[in-house]
Amino acid sequence: DKYETGKEFPRIAEITLETSEDGRYVLASVANGDGGEFAHLLRDPSGKWRQITRFDDQVKLARFGRETRNGGENALYLISRKGAPRGTVLRLPLPHASLANATLIVPESGVVIDHLEPAAGGIYIEDMDGGPSGLRFYNLASKKQTRLPVQGIISVQQMLSPRGNELLFRTISFIDPYVWNEYVPGAGRKSVRPTQMRGTSPADFSDVEVVRKFATSKDGTKVPLNIIRKKGTRLNGQNPTLLTGYGGYGVSRAPNFDFTRRLWLDQGGVFVVANIRGGGEYGEAWHRAGNLTRKQNVFDDFAACAEYLIREKYTNPNKLAIEGGSNGGLLMGALFTQHPALMRAVVSHVGIYDMLRVELDPNGAFNVTEFGTVKNPEQFKALYAYSPYHHVTNGVPYPAVLMLTGEHDGRVNPAQSRKMTARLQAATSSNHPILLRTSASSGHGIGTALNERIAQLADVYAFLFDQLGIQLKNTGELQ
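Residues numbered from 1 in each chain as written. Predicted model: local features only at pLDDT ≥ 70, side-chain atom pairs only at ≥ 80, totals over all residues. Heavy atoms only, no water.

Asker: Is there a simple way to explain the overall build of the protein chain in this structure?
Answerer: If you tally the helices and strands in the protein chain, you get eight helices and 24 strands. Relative to the compact-globule value of 23 Å for 479 residues, the protein chain shows a C-alpha radius of gyration of 24 Å, a close match. Projected onto the principal axes, the alpha-carbon positions of the protein chain cover approximately 70 × 55 × 45 Å. Within the protein chain, buried positions represent 55% of all 479 residues. Considering only intrachain contacts with a sequence separation of at least 6, the fraction spanning at least 24 residues in the protein chain is 58%. (Helix = DSSP H or I, 4+ residues; strand = E, 2+ residues; numbered from the N terminus. Rg over C-alpha atoms; globule rule 2.2 N^0.38 Å. Buried < 20%, exposed > 50% of the residue type's maximum accessible area, 1.4 Å probe, protein only. Contact = heavy atoms within 4.5 Å.)

Given below as structure tokens:
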């Protein structure tokens with residue numbers, strides 16, 4: 001093995017590599033931990049590495065172009081958020097790659113440029129508008145943009161341009177499994193066609209609808225809510241409602257499909273996904289409004305969503321449950337310590353609760369660029385102000401809480417869940433259970449075996465049905 005590059009990278013650098021189609025160039029994308037900062041380096045045919053972007057350049061993605069298929073020159077396409085929090089697309093010709101030579105080809109607009117896929121004669125762009133996706137094509141020759149006829153509250157999960165300017169893209173929604181679609185430019189009304197590559201569901205969702213609403217947060221910010229409910233649901237304040245969110249790392253809660261939600265819907269339940277700050281649903285400004293010293297905005301947004309559901313008569317505090325995992329587990333801890341009377345039950349997976357010591361764990365340093373560090377006085381104050389563990393108060397009637405953790409979790413120390421559970425059990429004055437579920441065969445969740453995922457889901461639903469007083473109905477949907 002021969003040293004190439006990287007000794008100057010931060011200790012928490014995470015690196016991915018990509019080669020150009022002709023194999024002459026190598027692109028290294030370097031993440032500065034998990035906070036959403038990236039730098040990019042290029043290895044040219046002579047073997048020399050050149051730094052193209054630095055962390056403060058705010059270039060979030062770089063991809064090799066495909067013009068060489070038509071005999072054109074090699075180029076890189078960049079998604080930049082520098083001075084444009086919703087994103088622009090830059091074109092950087094090779095081999096003389098320098099960010100100073102990049103040209104703007106797609107300016108910032110009212111939607112977020114979330115991803116791109118180069119084709120032979122242009123660039124496909126996935127837009128995001130508060131969570132749902134759209135698609136457009138930028139033609140390099142004509143400089144014109146064409147919006148693809150993709151409608152509904154959907155998410156574009158993958159894009160591939162296998163030949164020419166054709167596109168294969170995978171979409172999914174809250175009530176439909178994934179499907180791969182084919183786009184053929186110039187085919188008119190039939191330019192987008194679903195293929196036979198699609199997922200199936202053991203449950204029918206034709207009687208379910210998705211309603212998109214907006215809650216108003218503490219500072220006046222409008223926060224999107226995706227409300228999944230059976231058609232004809234009565235707004236009488238009595239519906240068992242499960243509210244979930246994440247709010248961190250620029251990760252967007254885009255539409256996704258999970259057929260097991262049918263279990264909840266068949267018991268009269270309403271399922272709600274909140275697009276709170278800290279995510280990337282409205283670009284980098286939305287992310288930065290919920291990270292570091294601004295993390296409290298995330299919790300205020302989520303509380304506003306819960307209050308909206310109660311005010312609009314979807315549910316009431318005795319019928320409301322909240323659920324989240326990892327950074328979403330921190331969200332759960334902050335909500336029930338700051339607003340213990342707002343919900344009846346909490347399910348928190350592999351969560352973080354002691355924000356003053358999390359960076360001491362083996363993986364903790366990777367999160368400093370998102371949460372901050374106790375070594376910075378202002379960041380310490382912000383961390384302490386919301387750290388759930390430090391705000392458990394003796395004698396408070398806390399809601400029922402189920403904490404789930406994996407014994408082999410290398411990303412979030414399972415001790416976080418153990419000591420938070422113990423502190424809550426000692427402090428609460430309610431008769432509601434404070435439970436800890438530890439799996440000996442799982443970690444942070446990725447790669448968990450099917451039988452263990454089923455067992456976890458069964459325990460979560462049993463807990464929620466019990467605490468919200470749901471009388472089970474046998475619908476036969478999933479037999």
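Asker: When you look at the sheet that holds strand 16 (residues 192-198) in this model, what are you seeing that I'm missing?
Answerer: What links the strands of a sheet is backbone hydrogen bonding, and the strands pair in either a parallel or an antiparallel sense. Spatially, 13-14-15-16 is the arrangement adopted by the four strands of the open sheet, whose pairing is antiparallel. Every other strand in the sheet has two partners, leaving strand 13 (154-160) and strand 16 as the edge strands with one partner each. Taken over all neighbouring pairs, the strand axes of this sheet differ in orientation by 35° on average, direction set aside. Examined bridge by bridge, strand 13 and strand 14 (residues 167-173) share six bridges and lie antiparallel to one another. Paired with Val-156 across the two strands is Thr-171, which belongs to strand 14. (Pairing = 2+ DSSP bridges. Axes fitted to C-alpha atoms, helices over the stretch in contact; angles between N-to-C directions.)

Asker: What is the right way to look at helix 3 (residues 296-311) in this model?
Answerer: For an α-helix, the turn length of 3.6 residues means that residues three or four places apart are oriented alike. The first and last C-alpha atoms of helix 3 sit 22 Å apart over 16 residues, in line with the 22 Å expected at 1.5 Å per residue. Counted residue by residue, helix 3 has twelve buried out of 16 residues, so it is predominantly covered. For helix 3, every residue scored as buried is listed here: Asn-297, Val-298, Phe-299, Asp-300, Asp-301, Phe-302, Ala-303, Ala-304, Cys-305, Ala-306, Tyr-308 and Leu-309. Backbone geometry just after helix 3 places Lys-313 at a positive phi near 70°. (Expected span 1.5 Å × (residues − 1).)

Asker: Got a minute to help me understand the pairing of strand 14 in this structure?
Answerer: Consecutive residues of a regular strand have side chains that alternate between opposite faces of the sheet. Of all seven residues in strand 14, five are buried, a share of seventy percent or more. Between the end of strand 13 and the start of strand 14, which pair antiparallel, lie six residues, with Gly-164 showing a positive phi angle near 50°. Pairing geometry for strand 14 and strand 15 (residues 179-183), over five bridges, is antiparallel. The residue of strand 15 that forms the bridge with Leu-167 is Tyr-183. Remark: five residues form the turn of the hairpin made by strand 14 and strand 15, two consecutive strands paired antiparallel.

Asker: What exactly am I supposed to notice about the packing of aromatic side chains here?
Answerer: Between two aromatic rings, the relevant description is the distance of the centres plus the angle of the planes. Taken as a whole, this structure holds twelve aromatic pairs when the rule is applied. Look at Trp-264 and Phe-465: their rings are 6.0 Å apart centre to centre, the planes differ by 10°, and that puts the pair in the stacked class. On the criterion of sequence distance, the pair formed by Trp-264 in helix 1 (residues 261-265) and Phe-465 in helix 8 (residues 450-467) is long-range, its members being 201 residues apart. Side by side, Trp-264 and Phe-465 carry an identical accessibility label, which is buried. Three or more aromatic residues link up through ring pairs in this structure, and these residues are Tyr-124, Phe-137 and Tyr-183. Above the face of the Tyr-178 ring, Arg-170 is positioned so that its terminal group lies 3.9 Å from the ring centre. In this structure, Lys-419 packs its charged tip against the face of Tyr-389, placed 4.8 Å from the ring centre. (Phe/Tyr/Trp six-rings, centres within 6.5 Å; stacked < 30°, edge-to-face > 60°. Lys NZ or Arg CZ within 6 Å of the ring centre and 35° of its normal.)

Asker: Explain the layout of surface pockets to me, please; I cannot follow it from the model alone.
Answerer: It is the rolling of a water-molecule-sized probe over the atoms that shows where space remains empty. Considered as a void within the structure, the largest pocket measures approximately 1600 Å³ in volume. The wall of the largest pocket is formed by 43 residues, among which Asp-258, Glu-323, His-349, Arg-453 and Leu-457 lie closest to the centre. When contributions to the lining of the largest pocket are tallied by element, the ones reaching two or more residues are strand 19 (241-244), helix 1, strand 21 (320-325), strand 23 (400-406) and helix 8. The element that contributes the greatest number of residues to the lining of the largest pocket is helix 8, accounting for eleven residues. For the lining of the largest pocket, a count of residues per class yields 19 nonpolar, 18 polar and six charged. One number sums up the size of the second largest pocket: a volume of about 930 Å³. Contributing to the lining of the second largest pocket are 39 residues, with Gly-36, Phe-38, Lys-60, Tyr-249 and Gly-250 lying nearest its centre. Secondary-structure elements contributing two or more residues to the lining of the second largest pocket are strand 1 (13-19), strand 2 (26-32), strand 3 (38-43), strand 5 (59-64), strand 9 (112-118) and helix 2 (284-288). Taken together, the residues of the lining of the second largest pocket break down into 14 nonpolar, 15 polar and ten charged. (1 Å grid on protein atoms, 1.4 Å probe; cavity = no way out; pocket = protein on both sides within 12 Å on 5 of 7 lines; lining within 4 Å. Points joined across faces, edges and corners; volume = space filled by probe spheres on them. Nonpolar A, V, L, I, M, F, W, Y, C, P; charged D, E, K, R; others polar.)

Asker: Sorry, what's going on with the environment of Val-412 here?
Answerer: Along the chain, Val-412 falls in the loop between strand 23 and helix 7 (415-427). Along the chain, Val-412 and Arg-136 lie 276 residues apart, while their C-alpha atoms are 38 Å from each other. When near neighbours in sequence (up to four residues on either side) are disregarded, Val-412 contacts Ser-326, Val-350, Gly-351, Ile-352 and His-444.

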